[in-house]
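Here are the chains, one letter per residue:
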Amino acid sequence: MRKSKPKKRIILPDPKFSDTTVTQFVNNMMYDGKKSIAFKIFYDAMERVAEKAEKDGKPVLEYFKKALENITPSVEVKSRRVGGATFQVPTEIRPARKVSIGMKHLILYARKRSGKSMAEKLSAEIVAAYNLEGAAFKKKEDMHKMAEANRAFAHFRF
């Protein structure tokens, strides 16, 4: 679109927690428009996480949000071609994209985990992210390291 920016779609809150972040997460996790299955997977995972959250004395939704916050990157590198050479230029990420990237990494690495059901894998990845470990957290750390290593090229910003 050349002239106007597309309108932001309104995301309705989920039925159990009344939270739009949960709905956005489920929408990212869903395959072939099967939202009810995606919600079932998410709620099963949250029940598994609830057992761990009770030990810490935190509500399960707060536990999930903290885990998501722990794996949300703040900078990324973009390729920029300057005079025949390609540089990895570190750039700040806008807030909506930050959350989206964090969710996608959490889902991706939960799917890659070993386990029986997706709910089991997702709950394990959420707990790992909360404890500042796991593949999704490592991905965020790697993104930050790469941005730090290429800080010299920050003046090539777009």
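Everything in this summary refers to the structure shown in the same document. From a predicted model like this one, the values you see are computed outputs, not experimental measurements. (Residues numbered from 1 in each chain as written. Predicted model: local features only at pLDDT ≥ 70, side-chain atom pairs only at ≥ 80, totals over all residues. Heavy atoms only, no water.)

With that out of the way, let us pick up the layout of surface pockets. Approximately 300 Å³ is the volume found for the largest pocket. Contributing to the lining of the largest pocket are Pro 6, Lys 7, Lys 8, Arg 9, Ile 11, Gln 24, Asn 28, Ala 96 and Ser 100. Counting only elements with at least two residues in the lining of the largest pocket, the list comes to helix H1 (20-29) and helix H4 (95-112). Classifying every residue of the lining of the largest pocket by side-chain character gives 3 nonpolar, 3 polar and 3 charged. (1 Å grid on protein atoms, 1.4 Å probe; cavity = no way out; pocket = protein on both sides within 12 Å on 5 of 7 lines; lining within 4 Å. Points joined across faces, edges and corners; volume = space filled by probe spheres on them. Helix = DSSP H or I, 4+ residues; strand = E, 2+ residues; numbered from the N terminus. Nonpolar A, V, L, I, M, F, W, Y, C, P; charged D, E, K, R; others polar.)

Note: α-helices contain 3.6 residues per turn, so residues at a spacing of three or four share the same orientation. Compared with the 21 Å implied by 1.5 Å per residue over 15 residues, the 21 Å span of helix H6 (residues 135-149) between its first and last C-alpha is a close match. For H6, the full list of buried residues reads Ala 136, Phe 137, Lys 140, Met 143 and Ala 147. Projected onto a plane normal to the axis of H6, the buried residues spread over an arc of 120 degrees and lie on a single side. Along H6, exposed side chains directed more than 90 degrees from the buried face belong to Lys 138, Lys 145 and Ala 149. Those residues of H6 that are buried lie in contact with helix H3 (60-70), strand E1 (75-82), strand E2 (85-92), H4 and helix H5 (118-130). (Expected span 1.5 Å × (residues − 1). Buried < 20%, exposed > 50% of the residue type's maximum accessible area, 1.4 Å probe, protein only. Arc of directions from axis to C-beta. Contact = heavy atoms within 4.5 Å.)

Let us look at the packing of helix H2 (residues 35-56) against H3. The geometry of a pair of packed helices is captured by two quantities: the angle between their axes and the separation between those axes. Orientation of H2 relative to H3, taken along the N-to-C sense of each, is 95 degrees, at an axis distance of 8 Å. Of the possible angle classes, the one that applies to H2 and H3 is roughly perpendicular. Where H2 abuts H3, its residues Phe 42, Met 46, Val 49, Ala 50, Lys 52, Ala 53 and Asp 56 lie against Val 60, Tyr 63 and Phe 64. When the residues that make up the contact of H2 with H3 are grouped by side-chain class, the tally is 8 nonpolar, no polar and 2 charged. (Axes fitted to C-alpha atoms, helices over the stretch in contact; angles between N-to-C directions. Parallel < 35°, antiparallel > 145°, perpendicular 65-115°, else oblique.)

Right, let's get into the pairing of E2. Bridge count for E1 against E2 is 8 bridges, and the pairing is antiparallel. The residue of E2 that forms the bridge with Val 77 is Pro 90. Between E1 and E2, which pair antiparallel and follow one another directly, the connecting turn spans 2 residues, one of which, Gly 83, has a positive phi of 55 degrees. (Pairing = 2+ DSSP bridges.)

The next subject is the packing of aromatic side chains. This structure, assessed with the given rule, holds 8 aromatic pairs. With 5.5 Å between their ring centres and 55 degrees between their planes, Phe 25 and Phe 42 make a pair best called tilted. Linking Phe 25 in helix H1 with Phe 42 in helix H2, this pair joins segments that are 17 residues apart in sequence. The structure contains a cluster of three or more aromatic residues connected by ring pairs, namely Phe 17, Phe 25, Phe 39, Phe 42, Tyr 43 and Phe 64. (Phe/Tyr/Trp six-rings, centres within 6.5 Å; stacked < 30°, edge-to-face > 60°.)

For the structure shown, the criterion picks out 7 salt bridges. One salt bridge connects Arg 97 with Glu 76, and the closest N-O pair in it is separated by 2.9 Å. Highlighted residues: Arg 97 in helix H4 and Glu 76 in strand E1, separated in sequence by 21 residues. Judged by relative accessible area, which is 33%, Arg 97 ranks as partly exposed. (Salt bridge = Lys/Arg side-chain N within 4 Å of Asp/Glu carboxyl O.)

Further remarks concern a positive patch on the surface. A grouping of Lys 5, Lys 8, Lys 78 and Arg 94 is seen on the molecular surface, where their side chains present a positively charged patch. Mapped onto the fold, Lys 5 is located in the segment before H1. Its relative accessible area of 76% is what places Lys 5 among the exposed residues. (Patch = residues over 30% accessible without salt bridge, like charges linked within 9 Å, V, L, I, M, F, W, Y side chains within 5 Å. Areas by Shrake-Rupley, 256 points an atom, 1.4 Å probe, with all protein chains shown as cover. Lys, Arg positive; Asp, Glu negative; His and termini not counted. Charge placed at Lys NZ, Arg CZ, Asp CG, Glu CD.)

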